[in-house]
Amino acid sequence: KPFEAIPGLSSLPFLGPIHHFLPIIGSIGPKANFVDLAEHLHKHYGNVVKLDGIFARANMVLLFKPEDFDQVYKAEETTPLRPSFDTITYYQEELRKDVYNGIFGLTAAQGEKWRDFRTKVNPVFLKPKLVKLYAPALDEISREMIERLMKLKDEEEYLRWNFDKEVTKWSLESVAFIGLGKKLGCLRDDVDNQKADVLIKCARDIMDLAYKLEFSPSVWRYFETPALKKMIKTLDLQWETSASYIKEAKQKIEERGYDIPDEDKSIIEKLLAIDEKVAILMANEMLLAGIDTVSFTTVALLYNLATNPEKQEKLRIKMHSDKPNQYLRACIKESMRLYPILPANLRRTTKEHLVHGYIIPKGVDVIAPNEYLSKMEKYYPRPMEFIPERWLVDKLDPLYYGNAHPMITQPFGFGVRSCIGRRIAEMEIETFIRRLLQDVRVSWNGPPMKIVLKVMNQLQKPYFFKFERI
């Protein structure tokens, strides 16, 4: 059957199906998060659902059977296209091409440009020794964070609305040390944190503005809207602030000299030896993409441990066993199943596919609704419960995670375009949680936490954490 025969929401010229999402008059109305939307579409239209593009965006197809998107994604694995935000691409390729010089980071680059960039950075990021090299420094940063948290723990009103900001300071401090080889002082009151605060705010603003420009009604492709002007200004500020940190790191490297052991070199120093432009872009991307992602995942994990005190206590005991990281890693996996930073994965087709009896042409965004599928009883027994054991039990156990299709839960993405910072992110989170739970019990005294969708999932404020020394 032709692409046009795929069931889905009716469309208007230029506007696509956006009228369905309007309050009161829309057939769906505004949905708080992606899972609610996916559930509605799946229930009403079946396993293959078409959404026409809105405001010149590509047409989309949601595939609800893992075998179907597995087929497409594997067939597209040679040079996979995972579209970035058109606004950021426009900024890098048109407005600031003198800065980027045709080289784009892992987020915006596509095709051969992406493959060339990834090939250069892979050897640095994917070395097994990477985790061990930074462990002592990350442990020290975790200690600083816990000390700060203990000072703030009685300021309930502040933490209720700013806990995520405090965790983001820790994640920025951690990723900056790994990327640049220096501490920024984000967790200290006696250090000027103005630049760090700017980076944190820019990361948030860029995501919020991207949501407005890319996924809400906007004519920025035809007129320079106020939101686009703000986006350009924010991207400039993020680059300038990041570049100043990178410049300081380069000066420090030059002053110290290069004749030092590999284990003492930061990521930027290793990359500078390969390609200076790549090194600068990768460091900038780490300071943008590596902040809120780790912060969100850490806060979500703390929430799951706080609302499941028996699991928290079990983890505390297991950390003193002969396999101290095994249960902790299962807790992280289970938390990311329930609270992934991205609710779906996406590939843009580079050729025609036959899926479920329908022809999907070139240039269509094929969406895998991973978060929605990960919360279905069909794939995970008791799917809405936090059960880390499902990642550890024997294959004969009904809870065993391997009973689900391997493409269902993909919090770090899939294949060659999966997250390059996975090991770093997991190392940061493991180090912090291990250090925190040794001395602190975490509880939650409030209503269940909710996810709201912008570009990435966000946790709805306020936070109701309570931290007590053991």
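If you look the protein up in an unreviewed UniProt entry, it shows as Putative cytochrome P450 12a5, mitochondrial from Papilio xuthus. Per its UniProt entry, the protein bears the Cofactor (unreviewed entry) comment "heme".

Engineer: Just to check I follow, could you spell out the overall build of the protein for this structure?
Structural biologist: What the protein contains, in helices and strands, is 16 helices and 10 strands. In terms of overall dimensions, the protein is globule-like: its C-alpha atoms have a radius of gyration of 22 Å, near the 23 Å expected for 470 residues. Burial statistics for the protein: of 470 residues in total, 54% are counted as buried. Relative to all contacts within the protein whose residues are 6 or more apart in sequence, the contacts with residues 24 or more apart total 72%. On the protein, roughly 21,500 Å² of surface is accessible, and the fraction owed to carbon and sulfur atoms is 54%.

Engineer: When you look at the environment of Ile253 in this model, what are you seeing that I'm missing?
Structural biologist: Residue placement: Ile253 occurs in helix α9 (residues 226-256). Linking Ile253 and Leu180, residues 73 residues apart in sequence, is a C-alpha distance of 9.7 Å.

Engineer: I keep staring at the packing of α9 against helix α11 (residues 276-289) and nothing clicks. Help me out?
Structural biologist: Helix packing for two helices is described by the angle between their axes and how far apart those axes are. At a closest axis distance of 10 Å, the pairing of α9 and α11 adopts a crossing angle of 120 degrees. The orientation of α9 with respect to α11, classified from their angle, is oblique. Relative to α11, the crossing made by α9 is right-handed. Contacts from Gln238, Trp239, Ser242, Ile246 and Lys250 of α9 reach α11 at Glu276, Ile280, Leu281, Ala283, Asn284, Leu287 and Leu288. For the contact of α9 with α11, the residue count by class is seven nonpolar, three polar and two charged.

Engineer: Would you take a moment to explain the nonpolar core for this structure?
Structural biologist: By size, the foremost hydrophobic cluster in this structure holds 106 residues, and its most contacted members are Phe125, Phe163, Leu172, Ile267, Ile433 and Phe465. When near neighbours in sequence (up to four residues on either side) are disregarded, Leu172 contacts Leu184, Cys186, Ala196, Leu199, Ile200, Leu287 and Ile291. Judged by nonpolar contacts, the second largest core, of 40 residues, contains Leu9, Val364, Ala368 and Ala404.

Engineer: Mind showing me how you'd approach the side chain of Glu371 here?
Structural biologist: Mapped onto the elements, Glu371 comes out in helix α15 (residues 370-374). A distance of 2.8 Å separates polar atoms of two side chains, one belonging to Glu371 and the other to Lys375. Sequence-distant contacts of Glu371, that is, excluding residues within four places in its chain, are made with Val35, Leu338, Pro340, Pro343, Ile451 and Asn457.

Engineer: What should I look at first to understand the sheet that holds strand β3 (residues 345-348) in this one?
Structural biologist: The sheet built from four strands is open, its strands ordered β1-β2-β6-β3 with mixed pairing. Both outer strands of the open sheet, β1 (48-51) and β3, are each paired with one neighbouring strand and no more. On average, each strand axis in the sheet is inclined to that of its neighbour by 25 degrees, with strand direction left out of account. Across four bridges, the pairing between β3 and strand β6 (residues 365-368) is antiparallel. Within β6, the residue paired with Asn345 across the bridge is Ala368. Helix-sheet contacts for helix α1 (residues 34-45) involve β1, β2 (60-63) and β6, and the interaxial angle to β1 is about 115 degrees. Sitting on the sheet, helix α2 (residues 66-75) touches β2, β3 and β6, and the angle it makes with β6 is about 135 degrees.

Engineer: It is not clear to me how helix α5 (residues 111-125) should be interpreted in this structure. Could you clarify?
Structural biologist: Helical periodicity: at 3.6 residues per turn, an α-helix aligns residues three or four positions apart in one direction. With 15 residues, α5 extends 20 Å between its outermost C-alpha atoms, agreeing within 8% with the 21 Å of an ideal straight helix rising 1.5 Å per residue. For α5, the principal kink sits at Thr119 and spans about 30 degrees; a proline, Pro123, occurs within the next four residues. Among all positions in α5, only Gly111, Trp114, Phe117, Arg118, Val121, Val124 and Phe125 are buried. Contacts from the buried residues of α5 go to α6 (130-152), α10 (267-272), α11 and α16 (422-439).

Engineer: Quick question: what am I supposed to make of the packing of aromatic side chains here?
Structural biologist: The description of an aromatic ring pair uses the distance of the two centres, along with the angle that the planes make with each other. Enumeration over the complete set of coordinates arrives at 20 aromatic pairs. Note on Trp444 and Phe464: the rings are 5.8 Å apart at their centroids and 80 degrees apart in plane angle, and the pair reads as edge-to-face. Of this pair, Trp444 sits in strand β7 (residues 440-444) while Phe464 is found in the loop between β9 (457-459) and β10 (465-469), placing the two residues 20 residues apart along the sequence. In this structure Trp444 comes out as buried when scored by relative accessible area, which is 11%. According to the relative accessible area criterion, Phe464 is buried, its value standing at 18%. Members of the aromatic cluster, joined through ring pairs, are Phe163, Tyr303, Tyr339, Trp444, Tyr463, Phe464, Phe465 and Phe467. Over the aromatic face of Tyr245 sits the side chain of Lys195, whose NZ or CZ is 4.4 Å from the ring centroid. Lying over the aromatic face of Tyr73, Arg347 brings its terminal NZ or CZ to 5.3 Å of the ring centre.

Engineer: Explain the side chain of Lys182 here, please?
Structural biologist: Following the sequence through the fold, Lys182 ends up in the loop between α7 (156-180) and α8 (194-215). The exposure class assigned to Lys182 is buried, which follows from its relative accessible area of 17%. Contact partners of Lys182, with chain neighbours within four places excluded, come to Ala176, Phe177, Tyr245, Glu248 and Lys252.

Cut-offs used in this document
Residues numbered from 1 in each chain as written. Predicted model: local features only at pLDDT ≥ 70, side-chain atom pairs only at ≥ 80, totals over all residues. Heavy atoms only, no water. UniProt positions renumbered as here; feature names shortened; annotations may be inferred. Helix = DSSP H or I, 4+ residues; strand = E, 2+ residues; numbered from the N terminus. Rg over C-alpha atoms; globule rule 2.2 N^0.38 Å. Buried < 20%, exposed > 50% of the residue type's maximum accessible area, 1.4 Å probe, protein only. Contact = heavy atoms within 4.5 Å. Areas by Shrake-Rupley, 256 points an atom, 1.4 Å probe, with all protein chains shown as cover. Axes fitted to C-alpha atoms, helices over the stretch in contact; angles between N-to-C directions. Parallel < 35°, antiparallel > 145°, perpendicular 65-115°, else oblique. Left-handed = near helix turned anticlockwise from the far one by under 90°. Nonpolar A, V, L, I, M, F, W, Y, C, P; charged D, E, K, R; others polar. Core = buried A, V, L, I, M, F, W, Y, C linked by side-chain atoms within 4.5 Å. Polar contact = N/O pair within 3.5 Å; in protein donor to acceptor, adjacent residues only side chain to side chain. Pairing = 2+ DSSP bridges. Expected span 1.5 Å × (residues − 1). Bend = angle between axes of the 7 residues up to and from the residue. Phe/Tyr/Trp six-rings, centres within 6.5 Å; stacked < 30°, edge-to-face > 60°. Lys NZ or Arg CZ within 6 Å of the ring centre and 35° of its normal.

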